[in-house]
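Here is how the chains run, residue by residue.
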Amino acid sequence: MTAKIHSLGGYIHEYQKSIANPEAFWAEVAEDFYWHKRCDKVLEWDFEGPSIKWFSGGKLNITENIFERNLYTIGNQPALIWEPNNPDEQSRTLTYSELYLEVNRFANSLKNLGVLKGDRVAIYMPMIPELTIAMLACARIGAIHSVVFAGFSAASLADRIIDAEAKIVLTADGGFRGEKITPLKNIVDEALQSCPGVETVIVYERTKSNIKMVEGRDIWWHKAIEGQSDECVAEEMDAEDNLFILYTSGSTGKPKGIVHTTAGYMVYSAYTFHNVFQYNAGDIYFCTADIGWITGHSYIVYGPLLNGAQTLMFEGIPTWPDAGRFWDIVDKYKVNQFYTAPTAIRSLLAMGMEHITNKDLSSLKVLGTVGEPINEEAWHWYHDHIGRNRCPIVDTWWQTETGGVMISPLPGIIPTKPSFATLPLPGIQPVIVNEVGKELTGNSVKGNLCMKFPWPGMARTIWGDHDRFRQTYFSTFRNMYFTGDGAQRDEDGYYRILGRVDDVINVSGHRLGTAEIENAINAHPLVNESAVVGYPHSIKGQGIYAFVVCGELSTGGEEGIRKSIKMAVTSMIGPFARPDLIQLVPGLPKTRSGKIMRRILRKVAEGDATNLGDITTLLDEDVVVKIIDGALVEV
Ligand code: PRX
């Protein structure tokens, strides 16, 4: 267990310590872990390069810190509790000892199939225990996992496999999601048509779907583990060896392979889990995220397991068989900490109270939210009806790139305020800067959120493109990590996140680049060009509004083309990136130099075209008039 803060005074003390001497602070936190060799240097950093190294010279394996470090004391305790999609199916619980043996066995299977330290392993799996086993097995042998969310299309999966140069893909025949089955293996087959580098596919049998196994390439999971030993000596890793790649969206079209390394990520995910959720031995912790995103990596798998916690993994969706599914799970397992996204809260809020009133939610102690701003109505509903006015809400702000929570209340310790992420965790030094990078000191300020000092969990690079890493995060404001978010620091010094200031939108907690969606729309044969912006959406947080210029209309007319554009986006990215509103327009508002004036489109999409600001640089004002005339609103 890592060091825990118990009081407001303790927080202030730890925070001050972490700022006065960050190296000493993190060295002390790192002492709780099991190292083959302790580090020579706690921190070396330079935000210009950038080059960030934590715990240099240290030798370790993250899985030994989950298993060997804890087995004597908690070997027989549940590590992973798995609740299936269908409540009538048997749930599964793996103790630390059982999970350890499964991880070792699968690690040996990977080795047997030729996977070596440093190789990339693409994982495209449903939310089943084998997904966690697969990730930890990679970490055990020093292979780099690259989990791809199982809602991505074949084209997106292929892009990620190619970018990471993965030689092996782990998948399942299918995945259960409510009443539907996602045909994962068929999607992998389609993706692999453009990935000649993939030599092996391991397939877990989950849905018993009818699939084709490719001779010489595909192997069943149960065959792969047959006869493998459940002992596997952990690979000794350098502190800065890569642990995983996780792709995320940015301002440009191509997804970025965010790279996290071993020791820093371990220390940070463990430390933040323990403090943000105030986890106590024996508690049951439930995070509803998908492991395909960073929240699942850090707060279903690594953070909880490094703390010897009982982490609950749910295969299904919040609304099936009915909208009480989360609360049934809380009631069934007597969940103590519950962590979800505001979009889930808003959609369940809209379903009414009948799914909640008869559930025993008295076990809950801490409620968390992540991924997008939470509006006050949703915050109060969560607080009053789920927490029954007893449970503090931790509104946790962080990103794929930060590895773990950065700004958040500590429950019961830092007083909360609806829709404020409140204060930075120890070791985190946020600053708010204006457009020219001047730090806005004092309280009651608003601007761009940056970090002026490194923390152990931060990303180290973008896979295969260090210069893009520098440009994206370290070039906008000198000597600072730029988050891409706008933030306010109020009169009490509390932080409120105001949303992205770049061309990234946040749809139901899914982070999407507008350029990525535009690329998919532009690939449609009848589309000349397009521009995508976000607009406020009552459930999703942001909806996707696409302005599309078509050369001609097909026989299906406007409706037909809208439908086929949606299909194109689904097949290029995935259903979650499908535009909510598609307006066919005669042209896009551009400056004389040809740049699309997105500011105008955002205003139109928000339904506020009365004040468009300065439009004197517009090439053709008439286009704007026509766009305003044809603007769409959600019905
Ligand atoms: O805009 C912020 C928003 O989600 C972005 C990061 O997305 P992603 O890398 O997918 O990671 C999501 C899970 C950590 C941020 O730049 N965001 C995240 N948490 C919050 C938030 N916005 C407001 N409040 C939050 N608590």
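Within an unreviewed UniProt entry, the label attached to the protein reads Acetate--CoA ligase, and the organism entered is Aquipluma nitroreducens. Per UniProt, the protein has the following entry under Sequence similarities (unreviewed entry): "Belongs to the ATP-dependent AMP-binding enzyme family."

Colleague: Can you help me understand the layout of surface pockets in this one?
Modeller: In this approach, a probe sized like a water molecule rolls over the atoms, and the result shows the empty space that is left. By volume, the second largest pocket amounts to about 270 Å³. In this structure, the second largest pocket is lined by 15 residues; those nearest its centre are Ser251, Lys256, Gln471, Thr472 and Asp502. When contributions to the lining of the second largest pocket are tallied by element, the ones reaching two or more residues are helix H15 (466-474) and strand S24 (481-489). Classifying every residue of the lining of the second largest pocket gives 3 nonpolar, 8 polar and 4 charged.

Colleague: When you look at helix H18 (residues 598-605) in this model, what are you seeing that I'm missing?
Modeller: In an α-helix, one turn spans 3.6 residues, which is why side chains three or four residues apart end up on the same side. Residues of H18 that are buried include every one of Arg598, Ile600, Leu601, Val604 and Ala605, and no others. In an axial view of H18, the angular spread of the buried residues amounts to 155°, which keeps them on one side of the axis. In this structure, the buried side of H18 is in contact with helix H16 (514-522), strand S28 (527-537), strand S29 (541-550) and helix H19 (621-629).

Colleague: What is the right way to look at the pattern of salt bridges in this model?
Modeller: Oppositely charged side chains can form a pair if their charged atoms are brought close together. Considering all chains together, one arrives at 43 salt bridges under this definition. Between Asp163 and Lys254 there is a salt bridge; the shortest N-O distance is 2.8 Å. Here Asp163, found in helix H7 (residues 154-164), pairs with Lys254, found in the loop between strand S14 (242-248) and strand S15 (256-261); they are 91 residues apart in sequence, far enough to count as distant. Between Asp503 and Arg602 there is a salt bridge, with its nearest N and O atoms 3.3 Å apart. Residue Asp503 is found in the loop between strand S25 (495-500) and strand S26 (504-507), and its partner Arg602 is found in helix H18; the two are separated by 99 residues along the sequence. A relative accessible area of 25% places Asp503 in the partly exposed class. In this structure Arg602 comes out as partly exposed when scored by relative accessible area, which is 32%. Within this structure, Lys185, Asp189, Arg217 and Asp218 form a network of salt bridges that share partners.

Parameters and conventions
- Residues numbered from 1 in each chain as written.
- Predicted model: local features only at pLDDT ≥ 70, side-chain atom pairs only at ≥ 80, totals over all residues.
- Heavy atoms only, no water.
- UniProt positions renumbered as here; feature names shortened; annotations may be inferred.
- 1 Å grid on protein atoms, 1.4 Å probe; cavity = no way out; pocket = protein on both sides within 12 Å on 5 of 7 lines; lining within 4 Å.
- Points joined across faces, edges and corners; volume = space filled by probe spheres on them.
- Helix = DSSP H or I, 4+ residues; strand = E, 2+ residues; numbered from the N terminus.
- Nonpolar A, V, L, I, M, F, W, Y, C, P; charged D, E, K, R; others polar.
- Buried < 20%, exposed > 50% of the residue type's maximum accessible area, 1.4 Å probe, protein only.
- Arc of directions from axis to C-beta.
- Contact = heavy atoms within 4.5 Å.
- Salt bridge = Lys/Arg side-chain N within 4 Å of Asp/Glu carboxyl O.

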